[in-house]
Amino acid sequence: QVQLVESGGGLVQPGGSLRLSCAAATIIFRISDMGWYRQAPGKQRELVATITSGGTTTYADSVKGRFTISRDNAKNTVYLQMNSLKPEDTAVYYCNLRWGATSNYWGQGTQVTVSS
């Protein structure tokens, strides 16, 4: 079992910034692909951004140019820098770790609320 612990969520005004962190308690972190997903009330969970073990990143169209995913393998941590936040970014954000065909783990989620 892999433990993923997210932090950094909170309440922010539109146009503001937050940085989410996800610490992974596993030796397979550096060879795993990591991702951030989000789920708003009444909606399905959706992909926000991913970063492969080699550092290749992908983003949802809705966050391109505003969010940046990064990873620090020395700290077993993946980050999501969120700038120019909008009310529609309000959701619970989840960290995801994938390795191989069967290893797929989720964090407990952290709430991000964008409101004035």
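In this report, the structure presented in the accompanying data block is examined.

**A short note on the sheet that holds strand S3 (residues 18-25)**
Taking strand neighbours across the sheet as the criterion, the 4 strands line up as S1-S3-S8-S7 in an open arrangement whose pairing is antiparallel. On the outer flanks of this sheet lie strand S1 (3-7) and strand S7 (67-72), each paired with one strand and no other. Recorded for the sheet is a direction-independent mean angle of 15 degrees between the axes of neighbouring strands. In terms of strand pairing, S1 meets S3 through 5 bridges, oriented antiparallel.

**Side note on the pattern of salt bridges**
Enumeration over the complete set of coordinates arrives at 4 salt bridges. Aspartate 89 is the salt-bridge partner of arginine 38, the closest N and O atoms lying 2.9 Å from each other. Here arginine 38 is found in strand S4 (residues 33-39), whereas its partner aspartate 89 is found in the loop between strand S8 (77-82) and strand S9 (91-99), with 51 residues between them in sequence. With relative accessibility at 1%, the residue aspartate 89 sits in the buried group. Notably, a salt bridge pairs aspartate 89 with arginine 66, separated by 2.8 Å at the nearest N-O pair. With aspartate 89 in the loop between S8 and S9 and arginine 66 in the loop between strand S6 (57-59) and S7, this residue pair connects regions lying 23 residues apart in the sequence. We note that aspartate 89, like arginine 66, is buried. What you see here is one network of salt bridges that share partners, running through Arg38, Glu46, Arg66 and Asp89.

**Quick notes on the packing of aromatic side chains**
One pair of aromatic rings is described through two measures. These are the centre distance and the angle between the planes. One pass over the structure, following the stated rule, counts 1 aromatic pair. Taking 5.0 Å as the distance between ring centres and 70 degrees as the angle between the ring planes, the aromatic pair formed by tyrosine 37 and tryptophan 106 counts as edge-to-face. You can see tyrosine 37 sitting in strand S4 and its partner tryptophan 106 sitting in strand S10 (residues 103-106), a full 69 residues away along the chain. You can call tyrosine 37 buried: its relative accessible area is 15%.

The rules behind the values
Position numbers for residues start from 1 in each chain and track the written sequence from start to end. Reporting of local features is limited, given that this is a predicted model, to residues whose pLDDT is at least 70; pairs of side-chain atoms are given and counted only at 80 or more, and all residues count toward the totals for whole chains, interfaces and linings. Computation of side-chain values covers all heavy atoms of the structure but excludes hydrogens and water. The pairing criterion for strands is at least two bridges between them, as found by DSSP. Numbering of helices and strands runs from the N terminus; a helix is a DSSP stretch of H or I covering at least four residues, while a strand is a stretch of E covering at least two. Whenever a helix is involved, its axis is fitted only over the stretch in contact; in every case the axis is a line through C-alpha atoms, and angles between N-to-C directions fall within 0 to 180 degrees. For this analysis, a salt bridge means a side-chain nitrogen from Lys or Arg found within 4 Å of a carboxyl oxygen belonging to Asp or Glu. Burial status follows relative accessibility: with a 1.4 Å probe on protein chains alone, a residue under 20% of its type maximum counts as buried, one over 50% as exposed, and anything between as partly exposed. Pairing of aromatic side chains requires ring centres within 6.5 Å, counting the rings of Phe and Tyr and the six-membered ring of Trp. Pairs whose planes differ by under 30 degrees are stacked, by over 60 edge-to-face, and all others tilted.

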